[in-house]
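Single-letter residue listing:
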Amino acid sequence: MTRSAPASTELLAIAVDVAREAADTAYRMRAEGVSVAATKTTVTDVVTAADRAVERQVLDTLAKLRPDDAVLGEEYGAGEGAGSGVRWIVDPIDGTVNYLYGIPYCAVSLAAEVDGDMVAGVVRNLYTGEEWTATAGGGAWRDGRRLRCSTETDLGQTLVATGFGYDAARRAHQARVVAELIPQVRDIRRQGAASLDLCLAAEGRVDAYYEKGLAAWDLAAGGLVAAEAGLRVGGLEGRPAGPDLVIAAPPALFAPLHDRLAALDASGGP
Ligand code: LIP
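Quantities reported herein were computed from a predicted structural model and do not represent experimental measurements.

K.L.:
Honestly, the site of the ligand in this entry has me stumped. Any pointers?
P.N.:
With respect to spatial proximity, 15 residues lie near the ligand, and among them D94, F164, Y166, A194 and E211 are the closest. For the ligand, an oxygen atom lies 2.7 Å from a polar atom in the backbone of T96. Taken by itself the ligand offers 380 Å² of open surface, and the protein chains cover 93% of this. Ranked by the residues each element gives to the shell around the ligand, the list is headed by strand β5 (residues 86–94), at three residues.

Laid out in structure tokens, this is it:
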């Protein structure tokens, strides 16, 4: 039995403060110049010293503020905590390749889960300072404005964001999928950071988003923002959104996009 967790608004306040400090660090380190510190799954799956330093900062701050909480981060993995029921999920710099190249589309993503349910999340573009927040049942917000997703109902008029993995064989499969999809929708946008793509979908700056291969930290905060803005967020055939496939679409578009992606085997391939 876990001890009673704080209210989602309290967890969100912590997440926002921690994310702001982390974004400041990431931005400062970018200005000082970053380079590839290591590669992960492939030679294009890079990690910079900033990824590691920012996640270390987030974890150290959370350990001081919430010592009994569990954590899961892209660079340092899982920490069990001491039974508080709260788990923090962090992507220190989502859009790492954009960050490396100085493209202003990368974010700190931090979410809080209580007993397995996502309850609070923040995504902060570390260049523009745009900040998306959400609490479960409390709506999605950007810089104080309540967000509502697109009301598009026609797949042929839908602007779809997506992304590709780092493995060449997977990318080849994903390219085949998007090549088939692109004539059937308004257009595609590949911007390079899942958490931001989900937040743009939350406010209708794209109509929908899908991607295969997301990790928990890519999806945690942006997925909550998207859902709280009215998007249906899920996977194929009733499965939850996850590494096989994430689809985030307005309710009227979810089924048509889902069926098109299923027919194209979007969750398949390597
Ligand atoms: C990125 C994702 C993005 C995907 C990129 C990359 P990272 O995460 O946010 O959606 O298309 O290939 O995986 O690696 O920058 O944290």
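K.L.:
What is the right way to read the domain arrangement of the protein from this model?
P.N.:
One frequently used descriptor of interface size is the decrease in accessible area upon assembly of the parts. One can read the domain layout of the protein as domain 1 (8–138) and domain 2 (155–263). On a C-alpha basis, the centres of domain 1 and domain 2 stand 21 Å from each other. Every contact between the two is made by 35 residues of domain 1 and, on the other side, 22 residues of domain 2. With both sides pooled, the region where domain 1 packs onto domain 2 buries about 2100 Å², and carbon together with sulfur makes up 65% of that total. A per-residue breakdown of the area domain 1 buries against domain 2 is headed by D94, Y105 and W132, which together make up 31% of the total. E130 is paired through a salt bridge with R205; the nearest N and O atoms lie 3.2 Å apart. Counting across the domain 1 and domain 2 interface gives ten residue pairs in polar contact (both at pLDDT 80 or more). Elements that contribute at least two residues to the side of domain 1 that touches domain 2 include exactly β3 (70–73), β5, α3 (96–101), β6 (107–114), β7 (117–125) and β8 (131–135). Its residues assigned to classes, the side of domain 1 that touches domain 2 shows 17 nonpolar, 13 polar and five charged.

Calculation notes
Residues numbered from 1 in each chain as written. Predicted model: local features only at pLDDT ≥ 70, side-chain atom pairs only at ≥ 80, totals over all residues. Heavy atoms only, no water. Near = heavy atom within 4 Å. Polar contact = N/O pair within 3.5 Å; in protein donor to acceptor, adjacent residues only side chain to side chain. Areas by Shrake-Rupley, 256 points an atom, 1.4 Å probe, with all protein chains shown as cover. Helix = DSSP H or I, 4+ residues; strand = E, 2+ residues; numbered from the N terminus. Domains from an automatic or database assignment. Contact = heavy atoms within 4.5 Å. Buried area = accessible area lost by both parts, 1.4 Å probe. Salt bridge = Lys/Arg side-chain N within 4 Å of Asp/Glu carboxyl O. Nonpolar A, V, L, I, M, F, W, Y, C, P; charged D, E, K, R; others polar.

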